[in-house]
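# Remarks on the overall topology
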Number of protein chains: 2
Amino acid sequence: MRLSRFHLATVKEVPADAEIASHRLMLRAGMIRKLAAGIYTWSPLGLRVLRKVEAIVREEMNRAGALEMLMPSIQPRELWEETGRWQKFGGQLLKIKDRKEQEFCFGPTHEEVITDFARHEIKSYKQLPVNFYQIQTKFRDEIRPRFGIMRAREFLMKDAYSFHLTETSLQETYRVMYETYARIFTRLGLEFRAVQADTGAIGGHASHEFQVLAEAGEDVIAFSDASDYAANLEMAEAAPPATPRPAPAATLERVATPAQKTIEDIAAFLKVPATRCVKTLLVRGRDGLVALCLRGDHALNEVKAGKLPELAGEVTLASEEEIRAVTGAGPGFIGPVGLPAEIPVIVDRDAAVLADFVCGGNADGTHYVGANWDRDATIRRIADIRSVVEGDRAPDGRGTLHLARGIEVGHIFQLGSRYAEAMGASVQDETGQQRTLLMGCYGIGVSRIVAAAIEQRHDEAGIVWPEPMAPWQVAVCPINPKGLGEVSAAAESLYQELCARGIETVLDDRGLRPGAMFADLELIGIPHRVVVSERGLAAGTLEYRRRDESQSQALDRETLLARLAGNVPG
Amino acid sequence: MRLSRFHLATVKEVPADAEIASHRLMLRAGMIRKLAAGIYTWSPLGLRVLRKVEAIVREEMNRAGALEMLMPSIQPRELWEETGRWQKFGGQLLKIKDRKEQEFCFGPTHEEVITDFARHEIKSYKQLPVNFYQIQTKFRDEIRPRFGIMRAREFLMKDAYSFHLTETSLQETYRVMYETYARIFTRLGLEFRAVQADTGAIGGHASHEFQVLAEAGEDVIAFSDASDYAANLEMAEAAPPATPRPAPAATLERVATPAQKTIEDIAAFLKVPATRCVKTLLVRGRDGLVALCLRGDHALNEVKAGKLPELAGEVTLASEEEIRAVTGAGPGFIGPVGLPAEIPVIVDRDAAVLADFVCGGNADGTHYVGANWDRDATIRRIADIRSVVEGDRAPDGRGTLHLARGIEVGHIFQLGSRYAEAMGASVQDETGQQRTLLMGCYGIGVSRIVAAAIEQRHDEAGIVWPEPMAPWQVAVCPINPKGLGEVSAAAESLYQELCARGIETVLDDRGLRPGAMFADLELIGIPHRVVVSERGLAAGTLEYRRRDESQSQALDRETLLARLAGNVPG
């Protein structure tokens, strides 16, 4: 491509509401333009990158035997009523009435449509397993769209849906999709982790998220440095304590701690490390209040705690009034010793191995020191209810956990029979009996990947594309203020040669000054730059620089061509 | 592709509302499935064909230097208010409110969005000309969606928009797009005509439609058998009469024609051919009634007549009351002789060269014979206001006109400044002055092409794809009721060989009986079929048949491979 025939429109100023690097850089590079809140036009430059991602996703889905199809964007209300999601999906569902007052939505996802397709088209177990996918524009009416295309309302998604007769078959396709996703993100050149995820509102048995690691990510993930263990922080299991609880050595004593409410206050005041304190939270359970006890330096993990049988799915802290009503003390002074017997005490595994610990005195301005489980306080249940922290042992016993922020770009689910049952999608098995279909679903945020890649790979000058996502691999830049024929001819010849070798090349023939030209090409992140100048030609060299290196190299033409042919995907 | 791993779901019965062949065959082949009125899912088989069309459109648009981008589906009301189309577009515009009660539409076309893009991104004449395009799902809320995807509400469209400083530049790009469209439809293997079209509601100067010829088409086009002249019937010019008007020979006489109202009645009653009669229509003009006179065997062309200065855009017949009020006679007895002087008489060119003709007597139950222009009736204006008929001379003077039905699959327009002016899109020219952008727009109905191709090419057994649109080029069919290893092995080896040669091949390994297998493959229109059977193998031959031929040929493997390699796009 000759840049003079392309529409490249970089800009200097970006709106103040562009809070994160990818949003700012996509606007500055002119990849996207905002049409309305959370709704963007992809310019020719932006679309080149988006299509690179789309092509790799498609190739790998096809390789995995999935069949591409295309479902409508506009879906009738009746289908969504069958699964109850017309109401349950909430405000993100963009509802529409047509000229005949029929109700529709702009599909935010396609479980209903594909299940309707399957119940009509799949009659026999012989047609199974099958995995359908599409790459399509979706709309979710985010209440607060922001971060550019990272959380846009209109976005491009790859969604796949597999159907099965047996759990074994579902698990097999799930495994193939897991491997396919890993191959996709590896090919895209991104650093990512596949993490165990909470299935949340979509439900089902197993679920993994694919997270691109980046500081701007909204999710925190925990991963081992010595195994492939990785999980969302909300799901990550804490390894059980390595040592048992010591025997009590101290006597229980109540001490005055008049103004000390936080663990840090208490630890400093009593000169005890936070790791020797127990903090107690009173939460609302199925049958009245429940006490949750954690080691002082640990934080409650609400997802894990929400699964306790005493709680029923959600962690809600008791109000100060509720707490005073049963303990007589305020929230900063609660502890497991001497709590009313009707309040069950649930203790995190790391808090349960403490002896001679500090805890609240259940009277304002007091704490206990030298407290011990069993002797002084009754444990109803020991459970893993804390969030893991940097440096914890990995729960699979291999290595140490680290925490990082990630951007969710893929999500795979074993949905089981949920949609098929609601919509009556069944097939005849080998014995002629009707059996409800089992289903998996597999999503990739195609447009979000573009933003996630920029979050992971950028510097002050702009975007640093991984090669497989770059709009072009090589930029040829003639420095030609005097309009010399030989500089233009050498640049043209190099451009032709690179194109002939199948290397995606852009020739910057716009006639800009070098500073403006280089700034543009660094901003838009072209991986390889070759400068053709009068001085270089006199010395028989071209000036080569990688986008991710700070030094240029003077290379002769043959060395340069060999270098690019070796480095660059053909 | 092995069919056992594909989702092929042909059906026997199709709904009674499938009125045309393409709708029936697409349903029977399982290419599409209806989700709601005018809203269809494309199955893996259907999508393969759709993507073939899309790829050819994209390749040719890129070759023409157009730049692909992607605009949003969801467009804000404000933009459409700027051009007045929020109201004017009518009921086809699907209007939407988001959760904040902001108003949007699902884009049926993108003139507003691209002009908004241009007014922000194009600042200087140096960025011109530029031609942006996208291939995208559109929605038009048709009041009566029917004919399957031929007139669906949700459909896939290629829309392109070019911007220019000068008319010359606009015309140059228009010419390139005309040639590009011709190349696209030629590559697709379709018989088509590029016809001059009425610009209708979109407005602008020049406009051509690309029509695929097919009996089921809703448009009638006229084309020459000796030149590339072609036009929509509504636009086709009638060649001027070849001979001048003879001098009057007969005397004017009023005769009684008591019950004869139609031209056919009069001609039979008076024993005069219809070509010697003049029929007169009274229509409402700018300033009272206007008489339009045509030769008896010709029909009024309302589009051409609508452009008369006396009429102002629309042809509306006067009511019988209006006619009686000014003439005293009923509609069947009106003629140019003796009409009140305030009624201008406009005469079609072919009626104006008649002498001694028959016309209405302006009194019930009477006609004139021996009437002559000038002597007996005053002509206000001679104009081309009739529709052409089969056998007319072509208006370019070369050849004879034929009429055919066509399906509109492409449309190109020179829009001029209409949108740019309404939305304030201008650039600086060489002298630093702001000038309004000029614009062209170029649409292709990508999904409609699939249906149009089927209308043009099908038989009783099913679809007969042109090779460039076929889901696969070759089907390999093992006839193997005894499960012979050698038949399977020979089929497998041929399949592998064809794939290795880059020929898109499907192996029908479903184990069906020959009749069912052949019926499926003919229905879905695979251009080349190769049958591998025990008997053929014994004779050292394979049975080859083209979809569009009725005879099979027994060929040895090498001859077959050479034949397929020569015939089939690689």
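Residues numbered from 1 in each chain as written. Chains lettered and ligands numbered in written order. Predicted model: local features only at pLDDT ≥ 70, side-chain atom pairs only at ≥ 80, totals over all residues. Heavy atoms only, no water.

Selection rule: UniProt positions are given in the numbering used here, feature names are shortened, and annotations may be inferred rather than shown by experiment.
By the naming in an unreviewed UniProt entry, chain A is Proline--tRNA ligase, taken from Aerosticca soli. For chain A, the Subcellular location (unreviewed entry) comment in UniProt is given as "Cytoplasm".

### Details of the pairing of strand E16 (residues 345-348) of chain A
Residues and elements named next belong to chain A. How we decide: When accessible area is computed with a 1.4 Å probe and restricted to protein chains, residues below 20% of their type maximum are described as buried, those above 50% as exposed, and intermediate ones as partly exposed. Helix numbers and strand numbers start at the N terminus; a helix is a DSSP run of H or I with at least 4 residues, a strand a run of E with at least 2. For two strands to be treated as a pair, DSSP must find no fewer than two bridges joining them.
Burial of the side chains of E16 extends over both faces: Val345 and Val347 are buried on one face and Ile346 and Asp348 on the other. Across three bridges, the pairing between strand E15 (residues 288-295) and E16 is parallel. Considered in E16, the bridge of Ala291 is made with Val345. When E16 meets strand E19 (residues 381-383), the two strands line up parallel, connected through three bridges. Each residue of the ladder has a partner; that of Asp348, found in E19, is Ala383.

### Some remarks on the pattern of salt bridges
Cut-off, in case you're wondering: Here, a salt bridge means any Lys or Arg side-chain nitrogen found within 4 Å of an Asp or Glu carboxyl oxygen.
Enumeration over the complete set of coordinates arrives at 98 salt bridges over all chains. Residues A:Arg386 and A:Asp348 are paired through a salt bridge, measuring 3.9 Å at the closest nitrogen-oxygen approach. Here A:Asp348 lies in strand E16 and A:Arg386 lies in the loop between E19 and strand E20 (401-416), a separation of 38 residues in the sequence. This pair shows no difference in class: A:Arg386 is buried, exactly as A:Asp348 is. B:Glu82 serves as the salt-bridge partner of B:Arg119, at 2.8 Å between the closest nitrogen and oxygen. With B:Arg119 in helix H5 (residues 111-121) and B:Glu82 in helix H3 (residues 77-82), this pair connects stretches of sequence that are 37 residues apart. The exposure class assigned to B:Glu82 is partly exposed, which follows from its relative accessible area of 33%.

### Concerning the packing of aromatic side chains
Residue and element names in this part refer to chain A. Basically, it comes down to this: Note on ring pairs: Phe, Tyr and Trp rings are taken, using the six-membered ring of Trp, and paired if centres are within 6.5 Å. Classes follow the plane angle, with under 30 degrees stacked, over 60 edge-to-face and the rest tilted. Throughout this description, the term charge over a ring refers to an Arg CZ or Lys NZ atom that lies within 6 Å of the ring centre and within 35 degrees of the ring normal.
Scanning the model with the defined rule gives 23 aromatic pairs over all chains in all. Positioned over the ring face of Phe223 is Arg193, at 4.3 Å from the centre of the ring. The cationic tip of Arg529 hangs over the ring face of Phe518; the distance from NZ or CZ to the ring centre is 4.0 Å.

### Brief notes about the interface of chain B and chain A
For the record, the criterion: For this analysis, residues touch if any pair of their heavy atoms sits within 4.5 Å. For the purposes of these results, a polar contact is taken to be a pair of N or O atoms within 3.5 Å, where, inside protein, one atom must be able to donate a hydrogen and its partner to accept one; residues adjacent in sequence count only when each atom of the pair is a side-chain atom. Under this grouping Gly is polar, as are all residues other than the nonpolar Ala, Val, Leu, Ile, Met, Phe, Trp, Tyr, Cys and Pro and the charged Asp, Glu, Lys and Arg.
Each partner contributes residues to the interface: chain B has 56 residues there, and chain A has 56 residues. As a salt-bridge pair, A:Glu68 and B:Arg51 come within 2.9 Å of each other at their nearest N and O atoms. Here chain B is connected to chain A by 20 residue pairs in polar contact (both at pLDDT 80 or more). Of the residues belonging to the side of chain B that touches chain A, the class tally is 30 nonpolar, 10 polar and 16 charged.

### Comments concerning the side chain of A:Gln136
Residue and element names in this part refer to chain A. Summarising the element assignment, Gln136 is placed in strand E7 (residues 130-139). Polar side-chain contacts of Gln136 include one of 3.4 Å to the side chain of His110. Here Gln136 is in contact with Leu70, Met71, Pro72, Ser73, His110, Phe155, Leu156 and Met157, once residues within four sequence places are set aside.

### Considering the environment of B:Tyr174
Residues and elements named next belong to chain B. As for its position among the elements, Tyr174 is in helix H6 (residues 167-187). Look at Tyr174 and you get buried, because its relative accessible area is 6%. As for Tyr174 and Ile412, which are separated by 238 residues in sequence, their C-alpha atoms are 7.5 Å apart. Setting aside anything within four residues of it in sequence, one finds Tyr174 in contact with Ala206, Ser207, His208, Ile412, Phe413, Gln414 and Tyr442. In terms of polar contacts, Tyr174 uses its side chain to reach the backbone amide nitrogen of Ser207, at 3.3 Å.

### Brief notes about helix H14 (residues 514-523) of chain B
Those residues of H14(B) lying buried are B:Met517, B:Phe518, B:Asp520, B:Leu521, B:Glu522 and B:Leu523. Contacts made by the buried residues of H14(B) are with helix H1 (21-28), strand E25 (462-463), strand E26 (474-479), strand E28 (528-533) and strand E29 (542-546) of chain B.

### Topic: the sheet that holds strand E17 (residues 357-360) of chain B
Residues and elements named next belong to chain B. Test applied: Between N-to-C directions, angles span 0 to 180 degrees; the directions come from axes that are lines fitted to C-alpha atoms, helices contributing only their stretch in contact.
If you walk across this open sheet you meet the three strands as E13-E18-E17, and the pairing is antiparallel. Looking along the sheet, the strands with just one partner apiece sit at the ends: strand E13 (253-256) and E17. The sheet shows a mean angle of 30 degrees between the axes of neighbouring strands, taken without regard to direction. Here E13 runs beside strand E18 (residues 366-371); their pairing, made up of four bridges, is antiparallel. The residue bridging Val255 from the neighbouring strand is His367, located in E18.

### Some points on the relation of the copies chain B and chain A
Worth spelling out the cut-off: Superposing the copies works by least squares over the C-alpha atoms of residues that have pLDDT at least 70 in both of them.
Least-squares fitting of chain B to chain A yields an RMSD of 0.2 Å, with the transformation described by 0.0 Å of translation along the axis and a rotation of 179 degrees. In the structure described here, the two chain copies are related by an operation that fits a two-fold rotation axis. Using C-alpha coordinates, one finds that chain B approaches the rotation axis most closely at B:Ile96, a distance of 2.8 Å. In this assembly the copies share their binding face: 100% of the residues contributing to the interface of chain B also contribute to that of chain A.

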